[in-house]
Amino acid sequence: MKNLFLIIILLLPLAGFSQAKRVVYYGVNGKTLDIKKKDIKKEITSHSPKKITVRTFKANEDEWILLYSEKIKVVNDSVYDIEMKGDEFSGRIKRVFQRAENETWKFTDWLGGKIKRTGFTTSKIPLIFDGEVTEFYPEGRIKSISQYKNNELISNINWLPNGDKTVDNIFYSVDREPAYNPGLGELHKHILQTFKDYDFDFTTVEGKIVVGFVVKTDGTIDAVRIIKGIAPTVNQIAINAFRTVKGSWTPAVLEHKNVNFLQAFPINFIYNTYDFETLELKGSMLYWTIN
């Protein structure tokens, strides 16, 4: 009887909690209210009061594309350990909360003992930005200082990794994304020709590059950089391809106004032998095969 009583006592805490799941939607530019178009979806699963998983998706035509996932361990009310896994970033973050004014918390994300991001939020899970949010490069320099209201991005100022200023007021989610006026087909041809013009053995390359650049309100592009790279030589060729492309862009539109927009352009390398043959666009991604 004593053994049976002990087993019952051990099982009681487990029976007191059942897994719960909820879904949160965001509109364009992080809107949480009056959402006319669902742009971001967060699936929040509570496995226990101290173990939570958050999966973040981006709307793409008729499907949701997984951007990243977070496995959250609640150490205490002020400290969360977060294991993040995504296409652009994967790592373990320590998030520290401090109570602030106006029903907000100040949060600080630490990565490898260095500050990655700090700012203000009205919610811990998920974060709802309200006020100033500052992001840092791994070396410690400030990457951006942004202003939010109810999770909507209002403005930002931005710096390059070397500390030089770059384009300000860049938006990442808009009502209408930019369009390349000569057409995507011409853009793809230019990129492919740029790679062909370099004397480089592409049979040694496989994977994905993501090139980022800002399409400005006047239809020009600026701040070309590698968001995700493979190797320095290949990365530089990709940068040169976009820096030398001819033509102009129709700028992005947000709330009926032209805005600066960060365009991310993925290029996937899939090869068998050394001879460019196939170029294909699937969704927003450019694929080519070396046969």
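Undergrad: Outline the overall build of the chain, listing residues and values.
TA: Scanning the chain for helices and strands turns up three helices and 20 strands. Put simply, the chain has 291 residues, and 38% of those count as buried. Long-range contacts, defined here as pairs at least 24 residues apart, represent 39% of the contacts in the chain between residues at least 6 apart. Summed over all atoms, the accessible surface of the chain reaches about 17,000 Å², with 52% contributed by carbon and sulfur.

Undergrad: How would you explain the pattern of salt bridges if you had to name every residue and give the values?
TA: Enumeration according to the criterion identifies 13 salt bridges in this entry. Note that D109 and R117 form a salt bridge whose closest N and O atoms lie 3.1 Å from each other. For D109, a relative accessible area of 1% translates into the label buried. With a shortest N-O distance of 2.6 Å, D168 and K165 are connected by a salt bridge. According to the relative accessible area criterion, D168 is partly exposed, its value standing at 27%.

Undergrad: Mind laying out the confidence of the model for the chain, listing which residues take part and the relevant values?
TA: When pLDDT is averaged along the chain, the result is 87; 87% of the residues meet or exceed 70. Predicted confidence for residues 1–15 stays below pLDDT 50, and this span has zero contacts to residues more than four positions away or in other chains.

Undergrad: Describe the packing of aromatic side chains, and please don't skip the residues or the numbers.
TA: This structure, assessed with the given rule, holds nine aromatic pairs. Between K41 and the ring centre of F57, over which it is positioned, the NZ or CZ distance is 4.9 Å. Seen from the ring of F97, K124 lies directly overhead, with NZ or CZ sitting 5.2 Å from the centre.

Undergrad: An account of helix α3 (residues 232–243) is needed here, citing residue identities and associated values.
TA: Taking 1.5 Å as the rise per residue, α3 with 12 residues should run 16 Å; its terminal C-alpha atoms sit 16 Å apart, in good agreement. For α3, the complete set of buried residues consists of V234, N235, I237, A238, I239, A241 and F242.

Undergrad: I'd like to hear about the sheet that holds strand β3 (residues 51–60), residue by residue, with values.
TA: The sheet built from 11 strands is open, its strands ordered β1-β2-β3-β4-β5-β6-β7-β8-β9-β10-β11 with antiparallel pairing. Taken across any chain shown, the strands that pair with only one partner, and hence form the sheet edges, are β1 (20–26) and β11 (152–158). Averaged over all pairs of adjacent strands, the angle between their axes in this sheet comes to 20 degrees, without regard to strand direction. The sheet contact formed by β3 and strand β4 (residues 63–74) spans 10 bridges and is antiparallel. Each bridged residue has a counterpart across the sheet, and for I52 the counterpart in β4 is I72.

Parameters at a glance
Residues numbered from 1 in each chain as written. Predicted model: local features only at pLDDT ≥ 70, side-chain atom pairs only at ≥ 80, totals over all residues. Heavy atoms only, no water. Helix = DSSP H or I, 4+ residues; strand = E, 2+ residues; numbered from the N terminus. Buried < 20%, exposed > 50% of the residue type's maximum accessible area, 1.4 Å probe, protein only. Contact = heavy atoms within 4.5 Å. Areas by Shrake-Rupley, 256 points an atom, 1.4 Å probe, with all protein chains shown as cover. Salt bridge = Lys/Arg side-chain N within 4 Å of Asp/Glu carboxyl O. pLDDT = per-residue confidence, 0-100. Phe/Tyr/Trp six-rings, centres within 6.5 Å; stacked < 30°, edge-to-face > 60°. Lys NZ or Arg CZ within 6 Å of the ring centre and 35° of its normal. Expected span 1.5 Å × (residues − 1). Pairing = 2+ DSSP bridges. Axes fitted to C-alpha atoms, helices over the stretch in contact; angles between N-to-C directions.

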